[in-house]
Amino acid sequence: MKRFLLLTIIPLMSCSTSVDHRIFGTWKTNSKFYAATYKIEKNSEKIIGKLLYYNDGTTVLHETKSDKDIFIKDLQYENEAFVDAISGATQTTSKKYQIKIKHTDTLEVTTYVRNKPSIETWTRKQQ
């Protein structure tokens, strides 16, 4: 009986939610309103987004190599998208992101400002 339980429980415990690893990397916005470069990586057990560069013509931000760079604090993979991260890099208090992988080198990023979606495309920055 013990052997049966072990053979049943161990495979269940070893199954984990798979994350699409194509999300990880350095990304550039394709926006006509601003230029930005971001890095999405795994930090401990969380998927985070870091601001590397931002310029909207009036504000210019550069990577500080500190926690101030983190603007996405905990992406969760759900229904083939990464969702529910809270913004920390801007003055906005509740910017939420939904990120879908469209291609190995392309992300569709939806942000919500006053509950209205704004969709932009990020492309992988080639090293």
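Read on for a plain summary of the structure. No experiment lies behind these values; they were computed from the predicted model shown. (Residues numbered from 1 in each chain as written. Predicted model: local features only at pLDDT ≥ 70, side-chain atom pairs only at ≥ 80, totals over all residues. Heavy atoms only, no water.)

In this section: the pairing of strand 2 (residues 35–43). Where strand 1 (residues 25–29) lies against strand 2, four bridges are found, and the strand directions are antiparallel. Bridge assignment links Gly 25 to a residue of strand 2, and that residue is Ile 40. The sheet contact formed by strand 2 and strand 3 (residues 46–55) spans nine bridges and is antiparallel. Across the sheet, Lys 42 pairs through a bridge with Ile 47, a residue of strand 3. Remark: two residues form the turn of the hairpin made by strand 2 and strand 3, two consecutive strands paired antiparallel; Ser 44 in that turn has positive phi of roughly 60°. (Pairing = 2+ DSSP bridges. Helix = DSSP H or I, 4+ residues; strand = E, 2+ residues; numbered from the N terminus.)

Bringing unusual backbone geometry into the picture now. Trans is the prevailing form of peptide bonds, just as negative phi is the prevailing case for residues other than glycine. Of note, Ser 44 is a non-glycine position whose phi angle comes to about 60°, a positive value. When you line up the elements, Ser 44 lands in the loop between strand 2 and strand 3. On the accessibility criterion, Ser 44 (62% relative accessible area) is exposed. A positive phi angle is found at Lys 65, which is not glycine, with a value near 60°. Mapped onto the elements of the fold, Lys 65 is located in the loop between strand 4 (60–62) and strand 5 (70–78). (Buried < 20%, exposed > 50% of the residue type's maximum accessible area, 1.4 Å probe, protein only.)

Attention now moves to the packing of aromatic side chains. According to the stated counting rule, one finds five aromatic pairs in the structure shown. Ring plane angle 35° and centroid distance 5.3 Å describe the contact between Tyr 34 and Tyr 54, whose orientation is recorded as tilted. Taken together, the residues Tyr 34 in the loop between strand 1 and strand 2 and Tyr 54 in strand 3 connect sequence positions 20 residues apart. Of the two residues, Tyr 34 and Tyr 54, both sit in the buried class. With a centroid separation of 4.4 Å and an interplanar angle of 25°, the aromatic rings of Tyr 38 and Trp 122 are classed as stacked. (Phe/Tyr/Trp six-rings, centres within 6.5 Å; stacked < 30°, edge-to-face > 60°.)

Grouped together as the largest cluster of nonpolar side chains are 19 residues, with contacts concentrated most on Tyr 38, Ile 40, Ile 99, Leu 107 and Trp 122. Of all elements in the fold, only strand 2, strand 3, strand 5, strand 7 (96–103) and strand 8 (106–113) reach the threshold of two or more residues within this core. Leave out the neighbours within four places in its chain, and Tyr 38 touches Gly 25, Thr 26, Trp 27, Thr 29, Lys 50, Leu 51, Leu 52, Tyr 54, Phe 71 and Trp 122. (Core = buried A, V, L, I, M, F, W, Y, C linked by side-chain atoms within 4.5 Å. Contact = heavy atoms within 4.5 Å.)

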